[in-house]
Amino acid sequence: MTADIEGSHDGAGLRLAIVVSRFNDFVTGRLLEGARKAAAALGVAEDAVHVVWAPGCFELPLLAKALAGSGRYDAVVCLGAVIRGETAHFEYVAGQAAAGVQRAALDTGVPCVFGVLTTDTAEQALARAGGVKGNKGHEAVATAVEMANLLRALRAGGT
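Attention here is on the structure that accompanies the text.

Cut-offs used in this document
- Residues numbered from 1 in each chain as written.
- Predicted model: local features only at pLDDT ≥ 70, side-chain atom pairs only at ≥ 80, totals over all residues.
- Heavy atoms only, no water.
- Helix = DSSP H or I, 4+ residues; strand = E, 2+ residues; numbered from the N terminus.
- Polar contact = N/O pair within 3.5 Å; in protein donor to acceptor, adjacent residues only side chain to side chain.
- Expected span 1.5 Å × (residues − 1).
- Buried < 20%, exposed > 50% of the residue type's maximum accessible area, 1.4 Å probe, protein only.
- Arc of directions from axis to C-beta.
- Core = buried A, V, L, I, M, F, W, Y, C linked by side-chain atoms within 4.5 Å.
- Contact = heavy atoms within 4.5 Å.
- Axes fitted to C-alpha atoms, helices over the stretch in contact; angles between N-to-C directions.
- Parallel < 35°, antiparallel > 145°, perpendicular 65-115°, else oblique.
- Left-handed = near helix turned anticlockwise from the far one by under 90°.
- Nonpolar A, V, L, I, M, F, W, Y, C, P; charged D, E, K, R; others polar.

**Things to note about the side chain of Ser 21**
Okay, step 1: The topology assignment puts Ser 21 in strand β1 (residues 16-21).
Okay, step 2: Only 3.4 Å separates the side chain of Ser 21 from the backbone nitrogen of Cys 57, close enough to count as a polar contact.

Structure below.
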C-alpha cells in the first residue's frame with residue numbers, strides 16, 4: 001500500500017526570501033503586499049521573511065540562486081511584472097526569467113517560485129496584483145510554503 005505525500009500550508013518555522021523586481025513597481029509593490037499577507041496568514045514569522053529588491057525581472061534568477069544556495073531559506077519567491085510592449089523585450093525577459101528561476105530551484109534543491117506576471121497590458125497586471133483576478137504574490141507564497149513542507153516530508157522519508 002502506498003501513502004499520498006502532500007505539503008501543508010503551515011508556514012510556522014519556515015524562512016522565506018522574497019525577491020522583487022523594482023521595474024514596474026506600481027505592480028510589484030502590490031504583489032509584495034499580497035506575499036506578505038499570505039506569509040502572515042500561513043504562520044510564517046514576520047522576521048523570517050526577507051525581501052531583496054532586484055533591478056528587474058532578468059536579474060531575479062541570479063538572486064534566487066544566491067539566496068537558495070545560502071542555506072538560510074526554505075524557499076525563495078520571485079515577484080515581478082513583464083508587460084508586453086512594442087519590442088521583443090517581453091519574450092527575452094519573460095522566458096529567461098522563468099528558465100532561470102527554474103534552474104535556481106533545480107540546481108539548489110530549494111523551491112524557487114515564479115511569481116512573475118507576464119501580461120499584455122498594465123491593466124491585466126494590476127488585475128492579477130490585488131485586483132479582480134486575485135493576487136499572484138499571495139499565491140506564490142502559498143506555493144512556496146507548500147513546496148517547502150513537501151520537500152521536508154520527502155526528505156524525512158514520507159508522510
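**Topic: helix α1 (residues 25-41)**
Okay, step 1: Taking 1.5 Å of rise per residue, 17 residues should cover 24 Å, and α1 covers 24 Å from first to last C-alpha, within 8% of that figure.
Okay, step 2: Within α1, the full set of buried residues consists of Val 27, Thr 28, Leu 31, Leu 32, Gly 34, Ala 35, Ala 38 and Ala 39. Buried residues of α1, viewed axially, fall in a sector of 165°; they line one side. Exposed residues on α1 whose side chains face more than 90 degrees from its buried face are Lys 37, Ala 40 and Ala 41.
Okay, step 3: The positive-phi residue at the C-terminal boundary of α1 is Gly 43, with phi of around 90°.

**Quick notes on the nonpolar core**
Okay, step 1: Counting 28 residues, the largest nonpolar core has Ile 18, Leu 79 and Val 141 as the members making the most contacts within it.
Okay, step 2: Of all the secondary-structure elements, those providing two or more residues to this core are β1, α1, β3 (75-83), β4 (112-119) and α5 (136-155).
Okay, step 3: Apart from residues no more than four positions distant in its own chain, Ile 18 is found in contact with Leu 32, Ala 35, Val 49, His 50, Val 51, Val 52, Val 77, Leu 79 and Val 141.
Okay, step 4: Judged by nonpolar contacts, the second largest core, of 22 residues, contains Leu 60, Leu 67, Ala 94 and Val 110.

**So, the packing of helix α2 (residues 60-69) against helix α3 (residues 89-108)**
Okay, step 1: At a closest axis distance of 8 Å, the pairing of α2 and α3 adopts a crossing angle of 15°. Compared by their axis directions, α2 and α3 come out roughly parallel. Between α2 and α3 lies a crossing of right-handed hand. Contacts between α2 and α3 involve Pro 61, Ala 64, Lys 65, Ala 68 and Gly 69 from the first element and Gln 96, Ala 97, Gly 100, Val 101, Arg 103, Ala 104, Asp 107 and Thr 108 from the second.
Okay, step 2: Of the residues that constitute the contact of α2 with α3, the class distribution is six nonpolar, four polar and three charged.

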